[in-house]
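As a plain string of letters, each chain reads:
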Amino acid sequence: MPDTIPAPALPVGHYGYDQVDRAFLADRVEQFRDQVARRIAGTLSEDEFKPLRLMNGLYLQLHAYMLRIAVPYGVLDSRQLRELAHIARTYDRDYGHFTTRQNLQFNWIKLEDTPDILARLADVDMHAIQTSGNCIRNVTCDQFAGAAQDELVDPRVHAEILRQWSTLHPEFTFLPRKFKIAISGSPNDRVAARFHDIGLVAKPAPDGGTQFDVFVGGGMGRTPIVGVHLRDDLPEEDLLAYLEAMVRVYNEYGRRDNIYKARIKILVQALGTEGYRQKVDAEFAAMNRARYRLPPETVAAIRARFGTPDLHAPDDAAAQLDRARRADPAFDRWVRTNTNPHRAPGYISAVISLKPAGGIPGDATSAQMDLIADLADRYAFGEIRVTHMQNLVLGHVRQDELYAVWQALRGADLAAANIGLIGDIIACPGLDYCSLANARSIPIAQKLSARFASPELQETIGPIEIKISGCINACGHHHAGHIGILGVDKKGEEYFQLTLGGSPGSDASVGQILGPALPEDATVDAIARLVDAYLVHRTGGERFLDTYRRLGAALFKDAVYATA
Amino acid sequence: MPLLENGRLVPDIWTILDEEAPFPATGPVIVPLSRLEEGLARAPGEKLGVAIPQDAEIDTLRTVLPRLSLVAVTFPIFRDGRAFSQARALREHLHFTGEIRATGKPLPDQYEFLLRCGVSTVDLPPGSDPEVWARAHTRFRTAYQPSVLGERAEGVTLRRVL
Ligand code: HEM
Ligand code: SF4
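Here the structure is a predicted model, which is why all the values come from computation and not from measurement. Sequence order sets the numbering: in each chain, residues are counted from 1 along the sequence as written. Written order determines the labels here, with chains lettered from A and ligands numbered from 1. Reporting in this predicted model follows two pLDDT cut-offs: at least 70 for local features of residues, and 80 or more for side-chain atom pairs to be given and counted; totals over whole chains, interfaces and linings ignore these cut-offs and use all residues. Calculation of side-chain values draws on the structure's entire complement of heavy atoms; hydrogens and water are dropped beforehand.

S.K.: Honestly, helix 2 (residues 46–54) of chain A in this entry has me stumped. Any pointers?
M.R.: In an α-helix there are 3.6 residues to a turn, and that puts residues three or four apart on one side. All of the buried residues in helix 2 of chain A are A:Phe49, A:Pro51, A:Leu52, A:Arg53 and A:Leu54. Two residues qualify as a contact provided that any one of their heavy atoms is within 4.5 Å of a heavy atom in the partner residue. Comment: elements are numbered from the N terminus, with helices defined as DSSP H or I runs of at least four residues and strands as E runs of at least two. Summarising the contacts, the buried residues of helix 2 of chain A are in contact with helix 1 (19–41), strand 1 (58–60) and strand 2 (65–69) of chain A. For every residue, the accessible area (1.4 Å probe, protein chains only) is compared with the maximum for its type, and the residue is labelled buried under 20%, exposed over 50%, or partly exposed between those bounds.

S.K.: When you look at the interface of chain A and chain B in this model, what are you seeing that I'm missing?
M.R.: Accessible area lost during the coming together of the parts is what is often quoted as the interface size. Of the residues lining the interface, 45 residues belong to chain A; the matching set on chain B comes to 35 residues. Between chain A and chain B, a total of about 3700 Å² is buried, with carbon and sulfur atoms accounting for 55% of that surface. When the area that chain A buries against chain B is broken down by residue, the three leading residues are A:Pro170, A:Phe174 and A:Arg291, summing to 19%. Here, a salt bridge means any Lys or Arg side-chain nitrogen found within 4 Å of an Asp or Glu carboxyl oxygen. If you look at where chain A meets chain B, you find 9 salt bridges. Close ionic contact of A:Asp34 with B:Arg135 constitutes a salt bridge, the shortest N to O distance being 3.0 Å. Throughout this description, a polar contact denotes any pair of N or O atoms lying within 3.5 Å of each other; where both atoms belong to protein, one of them has to be capable of donating a hydrogen while the other can accept it, and for residues adjacent in sequence the pair is counted only when both atoms sit in side chains. Remark: the boundary between chain A and chain B carries 26 residue pairs in polar contact (both at pLDDT 80 or more). Secondary-structure elements contributing two or more residues to the side of chain A that touches chain B are helix 1, helix 2, helix 5 (156–166), helix 6 (239–253), helix 7 (264–286), helix 8 (289–292) and helix 9 (296–303) of chain A. For the side of chain A that touches chain B, the leading source of residues is helix 1 of chain A, giving 11 residues. Two parts placed together each lose some accessible area under a 1.4 Å probe, and the buried area is that loss summed for both.

S.K.: Would you explain the coordination of the iron atom of ligand 1 in this entry?
M.R.: For a metal bound by four donors in a tetrahedral arrangement, the ideal donor-metal-donor angle is 109.5 degrees, while six donors in an octahedral arrangement ideally sit at 90 or 180 degrees. Among protein residues, the single donor to the iron atom of ligand 1 is A:Cys475 (SG), with a metal-donor distance of 2.2 Å. As for its position among the elements, A:Cys475 is in the loop between strand 17 (466–469) and strand 18 (483–490). Only N, O and S atoms count as donors, using a 2.8 Å cut-off from the metal and 3.2 Å for Na, K and Ca, and because water is excluded some sites may appear unfinished.

S.K.: Help me out: how do you make sense of the site of ligand 1 in this one?
M.R.: All names here are of chain A. In this text, near means that some heavy atom of the residue lies within 4 Å of the molecule or strand in question. Within the structure, ligand 1 sits among 18 residues, and Thr99, Arg101, Lys180, Asn473 and Cys475 are positioned closest to it. One of the side-chain nitrogen or oxygen atoms of Asn103 is found 3.1 Å away from an oxygen atom of ligand 1. A distance of 3.3 Å is found between an oxygen atom of ligand 1 and a side-chain nitrogen or oxygen belonging to Lys180. Residue classes follow a fixed rule: Ala, Val, Leu, Ile, Met, Phe, Trp, Tyr, Cys and Pro count as nonpolar, while Asp, Glu, Lys and Arg count as charged, and any other residue, Gly among them, counts as polar. Here the residues of the shell around ligand 1 are counted per class, giving 5 nonpolar, 7 polar and 6 charged. Each of domain 1 (140–303) and domain 2 (426–561) contributes no fewer than three residues to the shell around ligand 1. Segment limits for the domains were obtained from an automatic or database-derived domain assignment.

S.K.: Mind showing me how you'd approach the side chain of A:His97 here?
M.R.: Residues and elements named next belong to chain A. If you trace the backbone, His97 turns up in strand 4 (residues 95–98). In terms of polar contacts, His97 uses its side chain to reach the side chain of Asp363, at 2.7 Å. A polar contact of 3.2 Å, which involves the side chain of His97, links it to the side chain of Gln390. Not counting residues within four places of it along the chain, the set of residues in contact with His97 comprises Asn103, Leu104, Gln105, Asn107, Pro361, Gly362, Asp363 and Gln390.

S.K.: What is the right way to read the sheet that holds strand 5 (residues 104–109) of chain A from this model?
M.R.: Within a sheet, each strand pairs with its neighbour through backbone hydrogen bonds, oriented either parallel or antiparallel. All names here are of chain A. Taken in spatial order, the 5 strands of this open sheet run 1-2-5-4-13, and their pairing is antiparallel. The two strands at the open ends of the sheet, each matched to only one other strand, are strand 1 and strand 13 (363–365). Averaged over all pairs of adjacent strands, the angle between strand axes in this sheet comes to 30°, irrespective of strand direction. Sheet topology note: the strand 4/strand 5 ladder contains 2 bridges and is antiparallel. Looking at strand 5, one finds that His97 is bridged to Gln105. Against the sheet, helix 2 engages strand 1 and strand 2, with an angle of about 135° to strand 1. Criterion used throughout: strands pair if DSSP finds at least two bridges between them. Every axis corresponds to a line fitted to the C-alpha atoms, with the helix fit spanning only the stretch in contact, and the corresponding angles, defined between N-to-C directions, vary from 0 to 180 degrees.

S.K.: What is the right way to read the pattern of salt bridges from this model?
M.R.: As a working rule, side chains carrying opposite charge can pair if their charged atoms are close by. Residue and element names in this part refer to chain A. Across all of its chains, the model carries 61 salt bridges over all chains by this definition. With a shortest N-O distance of 3.6 Å, Glu30 and Arg33 are connected by a salt bridge. Of the two residues, Glu30 and Arg33 both sit in helix 1, 3 residues apart, roughly one turn of that helix. The class of Arg33 is partly exposed, set by a relative accessible area of 29%. The salt bridge involving Arg440 is made with Glu494; its shortest N-O contact spans 3.1 Å. Here Glu494 lies in strand 19 (residues 493–500) and Arg440 lies in the loop between strand 16 (426–427) and helix 14 (441–451), a separation of 54 residues in the sequence.

S.K.: Can you walk me through the packing of aromatic side chains in this structure?
M.R.: The criterion for an aromatic pair is that two Phe, Tyr or Trp rings (for Trp, the six-membered ring) have centres within 6.5 Å, with stacked assigned to planes under 30 degrees apart, edge-to-face to planes over 60 apart and tilted to the rest. According to the stated counting rule, one finds 22 aromatic pairs over all chains in the structure shown. Their ring planes at 65° and their centres at 6.5 Å tell us that A:Trp165 and A:Phe172 sit as a pair that is edge-to-face. In terms of burial, A:Trp165 and A:Phe172 fall into one category: buried. Cluster of aromatic residues (ring-pair linked, three or more members): A:Phe174, B:Phe75, B:Phe78, B:Phe84 and B:Phe113. Only Lys NZ and Arg CZ are tested; either one counts as a charge over a ring when it is within 6 Å of the ring centre and within 35 degrees of the ring normal. Above the ring of A:Tyr260, the side-chain terminus of A:Arg222 is found at 3.5 Å from the ring centroid. The ring of A:Phe284 has A:Arg289 sitting right over it, with the charged end atom 3.8 Å from the ring centre.

Laid out in structure tokens, this is it:
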């Protein structure tokens, strides 16, 4: 018998660190400890310290430091989530905020605590590297990766490859502006690939391997643009080489004279798709391709560091779920709205809504995090995913155990049946936290979700995405909202401008401004009237967005402004 | 200004000319890009370097590169990362083997990046503590991507041993 030492279990759904990765992270924590010590001692000025703290995800907000922690491709394990809960309890105000880029933020952090927090994070293989600054940020991914029925390729191994490749990249850490990559492996775009600096869609190649669709130059902010399609046949072995070429062209030619024109979208628009493609192709042809080649052995070695779930459901799992649904209408509704079909028989993916009626979208208390970590251990292979809609997902739940999961969630105010519905709102931090804000986004979200709290009403209204930003930087993705809400400042008063018709998905579009901005106290009513107008005019199974696309803005304009 | 190579201070043999200064009779000089022709007109035995601005196209140096012993790239502010790409293009596209010198205001925390993009020496900005730079040089033992230094890969992983 070979005397092999049993390998420690690898985390399901994400790359498992080894000793080399841990040593790297420890070096990084020590580097930052040294920098904080120099800052506190006064040998580093705030000016000099700022870029260093930003490289470690530490922002100075309106009232305190905010620490943004990377959740690579949105996948956490239960041990990590428990550590986040612990940090929230010990160093913050007992809660954390899950973000639209699948990360987690703590809003009330003390500078002197940050080295210890980063060390604690490093203990569970987490960090805050490149969650800020003009570098390649955390790569985002489909929240149903590796589980969804409609998926062609599990994109997380490639997301991990991109995470590693972009970590302290020597050439691309001081780009003209921040750089965001999203990757999906499903034809149904759940990552907003066309609203990213680079969007990748993995699919099977004719030779049986993997190849990628490449989108470039999408983004929100003051100049919302839907990304252009660069190519549909990027072979896996050229993934890194081609991205090197794409980002290098941007590093060389992207504008640096005006931060509002510095994203790659502006460069792609200025050069034209063809012009940009030519430059990338020239770079690609000139570079040392062998050096940047991604061999299949490397992909396999990284894949081998991912734990995989051992999926075995009892034969009657589906039947048991059916029985539970028939017996409990509230559960039945939640299953309709908060689950996604799984590729394996007897399994299902469950979405935990962080959008309770009247709550702050994306916030979770430490007690909730602990509970979800326990549920993940018990029912979902210890794996938790963060969605770009600021909810959480248990990816692999046995159908016969879903009822128990739901009951536990309900006891912790985590079972709002509103995924994809009007209560599932994205809101940026806004004036409650952010020094750039014109207006408070969070209270509008709270009022809307309270107004539309009834699950029956939400289901009747059907799929609709409301997204709120407190200023034109569009952190709340309002441009991509079926209904977008943008905070503007009118002579010191908070006003809100409505946009209609945006969409983040495969049918990506940028919302159009409906009319003059509304005062805060009129905004929620105006949205209620928009929804009423939709309910009157929709036909068949039309979503709000479809009705808007079919009938145009006039009717909605009347609904909002006729009575105003 | 103090010159750093491999994390250590080294003597600087180069004379740096601005737009007007006269050429010394002999000895290595670094000329601004606008005076490259003048520099090339010197005796072929004299070592010549050129200082390029951060928006210069590296490809324009292709034909003169065999005559150059040094190219100085610059960081007018540390956030302007174009010189990283210039250095890498010099090494990777034009196979330049001479000295690449970083000037301007890079941060010590960028030292490893500079080296991995092909920079060989750093003209330390005023007020720099060479100790901090030296420490930055030994901080990390691993990188996660190939570079022009061609470091050894660790097995089949993406990791490189620094
Ligand atoms: C203190 C001020 C700010 C706060 C509190 C803030 C907050 C946020 C948050 C929470 C996210 C999701 C982040 C993540 O998960 O990584 C985000 C993303 C984003 N932020 Fe900000 N942000 C601030 C400033 C800015 C500024 C100055 C800009 C632009 C000039 C900006 C543009 C964006 C955009 C465009 C996104 C994501 C949307 C996208 O590009 O796809 N933010 N921001
Ligand atoms: S959209 Fe504006 S207000 Fe909201 S977080 Fe971003 S910068 Fe702040």
